[in-house]
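For reference, the chains in residue letters:
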Amino acid sequence: MSNSLLDALTAAELHCPVIVAGHPDYDRYRRIWNGIADRRPLAIVRPQDVEDVQKAVCAAALCGALLAVRGGGHSLPGLSTCNDGLVIDLSLIRSVVIDNHAQTVDVGGGALLGDLDRATIPKGYIVPAGVISHTGIGGLTLGGGMGWASRKYGLTIDSLLGAEIVLASGDVTWTSPTWNPELFWAIRGGGGNFGVVTRFRFQLHPFSGIVAGQWIYPMEQARKVLSALRDLARGQSRDFTVSFTASQSGINVTAVWSGDTGLASAALSPFGALADGARGGLENLSYLTLQSRNDVAFAWSRRYYAKGGFWSDISDQAIEHIIGAMAHAPTFDCEIYAIQLGGAVGDMADDATAYTGRDAGFYWLSEPIWDDIADDDRCIEWGRTTGRLLSDPSIAGNYVNEQGDTGSNIARDAYGPEKYQRLARLKARLDPANLFRLNQNIEPQE
Ligand SMILES: Cc1cc2nc3c(=O)[nH]c(=O)nc-3n(C[C@H](O)[C@H](O)[C@H](O)COP(=O)(O)OP(=O)(O)OC[C@H]3O[C@@H](n4cnc5c(N)ncnc54)[C@H](O)[C@@H]3O)c2cc1C
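A quick note: this is a predicted structure, and the numbers were derived from the prediction, not measured.

Definitions and limits used
Residue positions are given per chain, counting from 1 as you read along its sequence in written order. Local features in this predicted model are restricted to residues of pLDDT 70 or higher, and side-chain atom pairs are both shown and tallied only at a pLDDT of 80 or more, whereas totals for entire chains, interfaces and linings draw on every residue. Secondary structure is summarised from DSSP: a helix means a run of H or I of at least four residues, a strand means a run of E of at least two, and numbering begins at the N terminus for each. Throughout, the radius of gyration refers to the C-alpha atoms, and the reference size of a globule is 2.2 Å times the residue count to the power 0.38. Whether a residue is buried, exposed or partly exposed is read from the other C-beta atoms within 10 Å of its own C-beta, which are placed from the backbone; 20 or more gives buried, 12 or fewer gives exposed, and intermediate counts give partly exposed. For the purpose of contact definition, each residue receives a C-beta atom placed from its backbone, and two residues are in contact when these atoms lie within 7 Å. The angle between two axes is taken between their N-to-C directions and runs from 0 to 180 degrees, where each axis is a line fitted to C-alpha atoms and a helix contributes only its stretch in contact. For any pair of crossing helices, the crossing counts as left-handed if the nearer helix is rotated counterclockwise from the farther one by less than a right angle, and right-handed if it is rotated clockwise. Each residue gets one of three labels, nonpolar for Ala, Val, Leu, Ile, Met, Phe, Trp, Tyr, Cys and Pro, charged for Asp, Glu, Lys and Arg, and polar for the others, Gly among them. The span you would expect from a helix comes to 1.5 Å times its residue count less one. Taking the helix axis as origin, the arc is that swept by the directions to the C-beta atoms. Near, as applied to residues and a molecule or strand, means the residue's backbone-placed C-beta atom lies within 6 Å of it. Domain extents, as shown, originate in an automatic or database domain assignment.

Within the protein, the secondary structure is distributed over 13 helices and 20 strands. For a compact globule of 446 residues, the expected C-alpha radius of gyration is about 22 Å, and the protein comes in at 21 Å, within 12% of that figure. Its C-alpha atoms put the protein at 70 × 55 × 45 Å along the principal axes. Out of the 446 residues belonging to the protein, those deemed buried represent 53%. Here the analysis covers contacts within the protein between residues at least 6 apart in sequence; of these, 71% occur between residues at least 24 apart.

Set out below in structure tokens:
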């Protein structure tokens, strides 16, 4: 099979080189963000155009090769690389083109959040996305996409107007609410199961800046801080979003205001008085700074695991589990994070997109971070156990994008039986051989 894949790629006469072991850039391009995903693909291609993506998809399909599709490379379980198969690395397809008249932006399938923000924010526009600038627009959008602007403008998929996608057949098609609408429903939450998106078109929203408050509280105050944060977060306007991170450094609270700046202090300041001992304050931070402030903490090549889920609210029980888990975190950088949802996220009906979980008040993550391979087992175990304790079975849905584990139950549990069947039927029609299976996989089923 290996020779046949390389033969098929050679015969396809791609415009880009086929990178194999021994190539000077092989080691650089085979790596993705998570250091634990240390895999050795047979070949890596880095297309610059849609035609090359089509040719590479056809070559993999022809040979039945394992195929990984890489956008920003942030897949937690390492699904954007593989051993022995083909990686289609989209990182050269990352143009960002704004149409001022239509108030839309076209974004290449391999663009990063930073590429999008740097193009839109200085022009007074925003597309709601995530919170770390080196995350890929591709994977983030296809799973849903949540961040600081979600309460105001919805998930990233709620601003998606259409997408250009290379199917398992090698055909390229457009999908939108009026063209291939079932596919459009599926890619808004269904992940990379249905093809390679080479271009996303998003609605732009007006954006005039933010004020942010950041405080760190001593861990001994965790119980008081988190219950007060929960009470204060309730009933806030859509211009407001709060997140917290519990770590060995304490409880880090970040509150962001994106409305009338004259009202920012009244909305944000109470989050600096949740308990005694807060350090920090309000800042007129640029949005680009906010988006890159944690880039280093989540640097490439460190070792990561995550298990996440939804809460309707922060329960007393969850607070106790957070305190308990942090007391025996295996490394200094292990953390538990949560970001407020609600607001515009809930405006879209749950059945309008594959994404499931619009009723959630918060999204949480148990995320161990470490550097030494010898810590793999205990860090992953801590992440899993903590994640199980924090899970709230009473709330429907889950977010496929931030799960460090894989397996057929992940997608089934995330979408629920009805949506999963609908996705599986479309998968059977568009990708019956499950070529796009390195994702939180939806198995083809009529
Ligand atoms: C540090 C960090 C911060 C994060 N922060 C947030 C956040 O704030 N909000 C949030 O919602 N999520 C967040 N995530 C989760 C993130 O959305 C997922 O990890 C997502 O998969 C990243 O996309 P990527 O393109 O970088 O990933 P990749 O590893 O490149 O791809 C992941 C999956 O998406 C598929 N894929 C990627 N691009 C394409 C494409 N163009 N066409 C078809 N399939 C594609 C791949 O097949 C693969 O299975 C974060 C993740 C990390 C690691």
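Having seen it, we continue.
Take the packing of helix 8 (residues 222–233) against helix 11 (residues 316–327) next. Two numbers describe how helix 8 lies on helix 11: the axes approach to 10 Å, and their chain directions differ by 145°. Like other packed secondary-structure pairs, helix 8 and helix 11 cross with a definite hand, here right-handed. Judged by residue contacts, A222, R223, L226 and S227 of helix 8 engage I319, I322 and I323 from helix 11. Residues belonging to the contact of helix 8 with helix 11 are distributed by class as follows: 5 nonpolar, 1 polar and 1 charged.

Since the α-helix advances by 3.6 residues per turn, residues separated by three or four positions end up pointing in the same direction. Between its first and last C-alpha, helix 11 extends 17 Å over 12 residues, near the 16 Å set by a 1.5 Å rise per residue. Of the positions making up helix 11, those classed as buried are A318, I322 and A325. Each buried residue of helix 11 sits inside an arc of 75° when the element is viewed along its axis, so together they form one side. Residues of helix 11 that are exposed and point more than 90 degrees away from the buried face comprise D316, Q317, G324 and A327. Tucked into the core, helix 11 has its buried residues touching helix 8, strand 13 (240–247), strand 17 (307–311), strand 18 (335–340) and helix 12 (376–390).

Moving on to the site of the ligand. The full set close to the ligand counts 37 residues, and G71, G72, G136, G138 and G139 are the nearest of them. Secondary-structure elements contributing two or more residues to the shell around the ligand are strand 3 (67–70), helix 5 (137–143) and strand 10 (196–203). With 5 residues, the top contributor of residues to the shell around the ligand is helix 5. Here the shell around the ligand is built from residues that sort into 15 nonpolar, 20 polar and 2 charged.

The next point concerns the domain arrangement of the protein. Assigned domains of the protein: these are domain 1 (2–89), domain 2 (96–207) and domain 3 (211–402). On a C-alpha basis, the centres of domain 1 and domain 3 stand 35 Å from each other. Among the residues forming the side of domain 1 that touches domain 3, the class breakdown is 3 nonpolar, 2 polar and 1 charged.

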